[in-house]
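# Close look at the chain arrangement
The lines below spell out each chain.
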Amino acid sequence: MIAFTLLLTKKQAKYALLALSIALALILTNTFELTQKQPPQLVVYNQSGVSEIGLYFHAKRQFIEIPTNGVIPHPSQRIVRLSENSFQTTADAETFDVDILILSIDKSFSIEQLNKLFRPKLVVIDSSISRFYKNKISRECEKLGIRWHDVSQMGAFVINYS
């Protein structure tokens, strides 16, 4: 601290202030970058004819096991992925409300039937489902007032983990 005070009182004070200003700018830049980091993201990709779902963290893909049929863990959303249409509704079936229902692989999904079980707020249609069945699913969603996202037409679907 004494050396710093002596430096400021001599003719080299402007160099010391310049060095301190540069150091402060670097510290603030790093602090800003750290506060602007993206949270982890679940991504349903648009890869033609393939069901591709991944998790990104710090701009790097993390390879995790995504269930073909089941719940995808998320801190604030209920996300279910279905790859086969093995769910049959009955009059006494309980509803499992979901925020996001991701449909892949199987082309025999009936949104009307799935809505009785899951009541999704959003249906994501991945690129493994053919165009004909994507159109059928999207028409059913519109008829029932359910939002939908077709990754092959609208691009990848991304949801933050925050």
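Preceding this section is the structure that the text describes.
The following paragraphs examine the structure supplied in this document. (Residues numbered from 1 in each chain as written. Predicted model: local features only at pLDDT ≥ 70, side-chain atom pairs only at ≥ 80, totals over all residues. Heavy atoms only, no water.)

### Considerations on the overall build of the protein chain
For the protein chain, the helix and strand inventory stands at 5 helices and 9 strands. Listing the helices and strands of the protein chain from first to last along the sequence gives α-α-β-β-β-β-β-β-α-β-α-β-α-β. Here the protein chain, with 162 residues, has 33% of them falling under the buried criterion. A separation of at least 24 residues holds for 47% of the contacts in the protein chain among residues at least 6 apart in sequence. (Helix = DSSP H or I, 4+ residues; strand = E, 2+ residues; numbered from the N terminus. Buried < 20%, exposed > 50% of the residue type's maximum accessible area, 1.4 Å probe, protein only. Contact = heavy atoms within 4.5 Å.)

### Topic: the packing of aromatic side chains
For the structure on display, the rule yields 2 aromatic pairs. A ring pair is formed by Phe132 and Tyr133, whose centres lie 4.9 Å apart and whose planes are at 90°; its orientation type is edge-to-face. For Tyr133, a relative accessible area of 24% puts it in the partly exposed group. (Phe/Tyr/Trp six-rings, centres within 6.5 Å; stacked < 30°, edge-to-face > 60°.)

### Regarding the pairing of strand E6 (residues 100–103)
Across the two faces of E6 the burial is the same, with Ile100 and Ile102 and Leu101 and Leu103 all buried. The sheet contact formed by strand E5 (residues 79–82) and E6 spans 4 bridges and is parallel. In the sheet register, Val80 faces E6, and the bridge partner there is Leu101. Alignment of E6 against strand E7 (residues 122–125), held across 4 bridges, turns out to be parallel. Note that in E7 the partner of Ile102 across the bridge is Val124. Between the parallel pair E6 and E7, the chain is carried across by helix H3 (residues 111–118), and the sense of this crossover is right-handed. (Pairing = 2+ DSSP bridges. Right-handed = clockwise from strand over helix to strand, strands pointing away.)

### Focus: the pattern of salt bridges
In total, this model carries 6 salt bridges according to the counting rule given. Across the pair Asp97 and Arg119 runs a salt bridge whose closest N-O atoms are separated by 3.2 Å. Of this pair, Asp97 sits in the loop between E5 and E6 while Arg119 is found in the loop between H3 and E7, placing the two residues 22 residues apart along the sequence. Note on Arg119: relative accessible area 47%, which makes it partly exposed. Measuring nitrogen to oxygen at the nearest pair gives 2.8 Å for the salt bridge that ties Glu140 to Lys136. With Glu140 and Lys136 both in helix H4 (residues 131–144) and 4 residues apart, the pair spans about one turn of that helix. (Salt bridge = Lys/Arg side-chain N within 4 Å of Asp/Glu carboxyl O.)

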